[in-house]
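Geometric and topological summary
Okay, here's what each chain looks like letter by letter:
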Amino acid sequence: MSEGKRLAGEKAIEFVEDGMIVGVGTGSTVAFFIDALAGIRDRIAGAVSSSEQSSERLRGHGIEVLDLNACGPIPLYVDGADECDRAKRLIKGGGAALTREKIIAEAAKTFVCIIDPSKEVEVLGRFPLPIEVIPMARSLVAREIVARTGGHPAWRQGVQTDNGNWVLDIHGLAITDPVSLERELNQIPGVVSVGLFARRAADVVIVGGDPVVVR
Ligand code: 5RP
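In this text the structure is predicted, and so the values were computed from the model without any measurement. (Residues numbered from 1 in each chain as written. Predicted model: local features only at pLDDT ≥ 70, side-chain atom pairs only at ≥ 80, totals over all residues. Heavy atoms only, no water.)

Let's talk about the packing of aromatic side chains
This model, assessed by the stated rule, comprises 3 aromatic pairs. Ring geometry for tyrosine 77 versus phenylalanine 111: centroids 5.1 Å apart, planes at 45 degrees, classification tilted. Separated by 34 residues along the polypeptide, tyrosine 77 in strand E3 (residues 74-79) and phenylalanine 111 in strand E6 (residues 108-115) bring together distant segments of the chain. Taken together, the aromatic side chains of Tyr77, Phe111 and Phe197 make up a single cluster linked through ring pairs. The ring of phenylalanine 197 carries the charged tip of lysine 92 above its face, separated from the ring centre by 5.6 Å. Across the ring face of tryptophan 155, the terminal group of arginine 138 is positioned such that the distance to the ring centre comes to 3.8 Å. (Phe/Tyr/Trp six-rings, centres within 6.5 Å; stacked < 30°, edge-to-face > 60°. Helix = DSSP H or I, 4+ residues; strand = E, 2+ residues; numbered from the N terminus. Lys NZ or Arg CZ within 6 Å of the ring centre and 35° of its normal.)

A look at the packing of helix H1 (residues 2-11) against helix H2 (residues 28-37)
Running from N to C, H1 and H2 point in directions that differ by 45 degrees, and their axes come no closer than 8 Å. Classified by the angle between their axes, H1 and H2 sit oblique to one another. Relative to H2, H1 is oriented so that their crossing is right-handed. Counted together, Ser2, Lys5, Arg6, Ala8, Gly9 and Glu10 of H1 and Ser28, Thr29, Phe32, Phe33 and Ala36 of H2 form the full contact between these two elements. The class makeup of the residues in the contact of H1 with H2 is 4 nonpolar, 4 polar and 3 charged. (Axes fitted to C-alpha atoms, helices over the stretch in contact; angles between N-to-C directions. Parallel < 35°, antiparallel > 145°, perpendicular 65-115°, else oblique. Left-handed = near helix turned anticlockwise from the far one by under 90°. Contact = heavy atoms within 4.5 Å. Nonpolar A, V, L, I, M, F, W, Y, C, P; charged D, E, K, R; others polar.)

A word on the pattern of salt bridges
Scanning all chains against the criterion turns up 17 salt bridges. With a shortest N-O distance of 3.2 Å, lysine 11 and glutamate 14 are connected by a salt bridge. The partner of aspartate 169 in a salt bridge is arginine 156, and the shortest N-O contact between them spans 2.8 Å. With aspartate 169 in strand E9 (residues 166-171) and arginine 156 in the loop between strand E8 (152-155) and E9, this residue pair connects regions lying 13 residues apart in the sequence. Both residues of the pair, aspartate 169 and arginine 156, count as buried. (Salt bridge = Lys/Arg side-chain N within 4 Å of Asp/Glu carboxyl O. Buried < 20%, exposed > 50% of the residue type's maximum accessible area, 1.4 Å probe, protein only.)

Concerning the side chain of aspartate 79
Within the secondary structure layout, aspartate 79 lies in strand E3. Excluding anything up to four places from it in sequence, aspartate 79 contacts Gly25, Thr26, Val30, Lys92, Glu101, Phe111, Val112, Cys113 and Ile114.

Comments concerning the domain arrangement of the chain
Taken as a whole, the chain is organised into domain 1 (2-120 + 199-214) and domain 2 (129-194). Put simply, the middle of domain 1 and the middle of domain 2, counted by C-alpha atoms, are 24 Å apart. Contact with domain 1, which involves 14 residues of that partner, is made by 17 residues of domain 2. Carbon and sulfur atoms supply 52% of the area that domain 1 and domain 2 bury against each other, a total of about 1200 Å² over both sides. Scanning the region where domain 1 abuts domain 2 turns up 1 salt bridge. Of the charged contacts in the structure, one is a salt bridge between lysine 102 and glutamate 182, with a shortest N-O distance of 2.7 Å. If you look at where domain 1 meets domain 2, you find 10 residue pairs in polar contact (both at pLDDT 80 or more). (Domains from an automatic or database assignment. Buried area = accessible area lost by both parts, 1.4 Å probe. Polar contact = N/O pair within 3.5 Å; in protein donor to acceptor, adjacent residues only side chain to side chain.)

A short note on the site of the ligand
Taken together, 17 residues lie near the ligand, and Ser28, Thr29, Asp82, Gly93 and Lys119 sit nearest. At 2.9 Å, a side-chain N or O of lysine 5 approaches an oxygen atom of the ligand. Notes on the ligand: free accessible area 380 Å², of which the protein chains cover 91%. Looking at the shell around the ligand residue by residue, the class counts come to 3 nonpolar, 8 polar and 6 charged. (Near = heavy atom within 4 Å. Areas by Shrake-Rupley, 256 points an atom, 1.4 Å probe, with all protein chains shown as cover.)

Here you go:
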């Protein structure tokens, strides 16, 4: 599995062009991408990072971490996923970085998703769907989710996001209409963001199998 992550992360370097500001996601697959990016750090203008974890790794390699507000639209965003369907719609947030990831994906012209083959699914939802919530709204949001989806929310106890919020993981969903579910869950007061990347799906998916597939 980690070999697949490495292959996908290293392949994504082919999408980086000279002078680019590169959007960087979070997770163990992205760590391989960051390590590969270090090899061409003098050719890029810097990185916009989706988490403290990735920022630390980028800075450790001497790559400047830039404020998204100072960058405007960015040409490329590279990130992993917990699940990916054929239409390149994703579940993300296993690393609790979903909100910043969603912001950078929105700001990016091209979103390249890097996964190992185990992340490919026919229907999203086997991986519990992460939802970042304002702490005081945790119970309210959980009740609303049960009523609206029939899913089973679990509080990811002990985890605080980089934004100071909490995460609910929704078990037992078979997500046949990800765009509608994303829109519906975004309406619940107290929801900061939903780990469904369906409205803004990936543009390119790199699957680190043998052979590596770019689709
Ligand atoms: C973090 C994410 C990650 O992209 C996702 O959890 C995949 O992680 P990994 O590459 O470690 O399997 O969404 O919030």
